[in-house]
Amino acid sequence: MNKKKLPAPIPPRILGLTGGIGAGKSFVGQKLVQAGLPLMDSDAVARRAYTDSEQVRQQVIALLGAEVYDAEGKPRYDEIARKVFAPSDEGRSLLHDLEQIIHPYVSDQLKAWAMEQQAPEGWVVLESAILWQSGFYHLCDAVVIVTAPEAVRVARVQERDGASLEQVQARIDRQASYSFATLQQAHPELPLYQIHNDGVQELEGQVAQLLAHLATL
């Protein structure tokens, strides 16, 4: 007797979650998790890549030098940042080359993770501060962008990190800035949603509205 093959599991769709520093994307991510959507933080996966993957470790050493790991084999993130964020052509080149090592690893981890998830809503969330710059948006079936006025973002980061105004401003300036309207024009093929996390507009209602839209896709 021929056994019938079971149908292959349908992978959940991926909702990209992004926003500038201090916009509160992680807070919105918590709301989505509470609503039943599994979430992967790409930034955390990228940090783990330096130790979890021997291939990545060897490539990073070849690119940046053995000094970016300490004697115990732990990555020295401060030294990595000093090299790749140097305000020079060499620094920009190193950052680009480092991204070519880390981003494919994160993409592979996301795909494997998504297939393993129990996603009753049919969606999983990819949280990424660099969704557009990294090209991770290519993996997404929809994207939600969390926004807040710059003054609110600055105040949040100062309170959270104990950073000075100048330090926070420098971090904001270093991030690529994209307006929601510009992204809509650039990616007509991708459903884009916006959540205003300004501390004034009610957040739960916006998240519920987002989930209702996702259910129709």
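Residues numbered from 1 in each chain as written. Predicted model: local features only at pLDDT ≥ 70, side-chain atom pairs only at ≥ 80, totals over all residues. Heavy atoms only, no water.

## Side note on the domain arrangement of the chain
Line of reasoning, step 1. Split by domain assignment, the chain resolves into domain 1 (14–38 + 119–216) and domain 2 (45–116).
Line of reasoning, step 2. Using C-alpha coordinates to define each centre, domain 1 is positioned 24 Å away from domain 2.
Line of reasoning, step 3. Residue-level contacts link ten residues of domain 1 with eight residues of domain 2.
Line of reasoning, step 4. Taking both sides of the interface into account, the surface hidden between domain 1 and domain 2 amounts to around 760 Å²; carbon and sulfur atoms contribute 84%.
Line of reasoning, step 5. At the surface where domain 1 touches domain 2, the tally comes to zero salt bridges.
Line of reasoning, step 6. Taken together, domain 1 and domain 2 are joined by zero residue pairs in polar contact (both at pLDDT 80 or more). (Domains from an automatic or database assignment. Contact = heavy atoms within 4.5 Å. Buried area = accessible area lost by both parts, 1.4 Å probe. Salt bridge = Lys/Arg side-chain N within 4 Å of Asp/Glu carboxyl O. Polar contact = N/O pair within 3.5 Å; in protein donor to acceptor, adjacent residues only side chain to side chain.)

## A word on the packing of aromatic side chains
Line of reasoning, step 1. Counting across every chain of the model gives two aromatic pairs.
Line of reasoning, step 2. Taking NZ or CZ as reference, Arg47 lies 3.9 Å from the ring centre of Tyr77, over its face.
Line of reasoning, step 3. Against the face of Tyr69 rests Arg57, its NZ or CZ located 5.7 Å from the ring centre. (Phe/Tyr/Trp six-rings, centres within 6.5 Å; stacked < 30°, edge-to-face > 60°. Lys NZ or Arg CZ within 6 Å of the ring centre and 35° of its normal.)

## Thoughts on the UniProt feature "binding site: ATP" (unreviewed entry) in the chain
Line of reasoning, step 1. In the numbering used here, UniProt assigns the feature "binding site: ATP" (unreviewed entry) to Gly22, Ala23, Gly24, Lys25, Ser26 and Phe27.
Line of reasoning, step 2. Among the structural elements, Gly22 can be located in the loop between β1 (13–19) and α1 (25–34).
Line of reasoning, step 3. On the basis of relative accessible area, Gly22 is assigned to the buried category, the value being 10%.
Line of reasoning, step 4. With sequence-adjacent residues up to four places away left out, Gly22 is seen in contact with Arg153, Arg156 and Val157.
Line of reasoning, step 5. Here Lys25 shows up in helix α1.
Line of reasoning, step 6. The buried category is assigned to Lys25, whose relative accessible area is 12%. (UniProt positions renumbered as here; feature names shortened; annotations may be inferred. Helix = DSSP H or I, 4+ residues; strand = E, 2+ residues; numbered from the N terminus. Buried < 20%, exposed > 50% of the residue type's maximum accessible area, 1.4 Å probe, protein only.)

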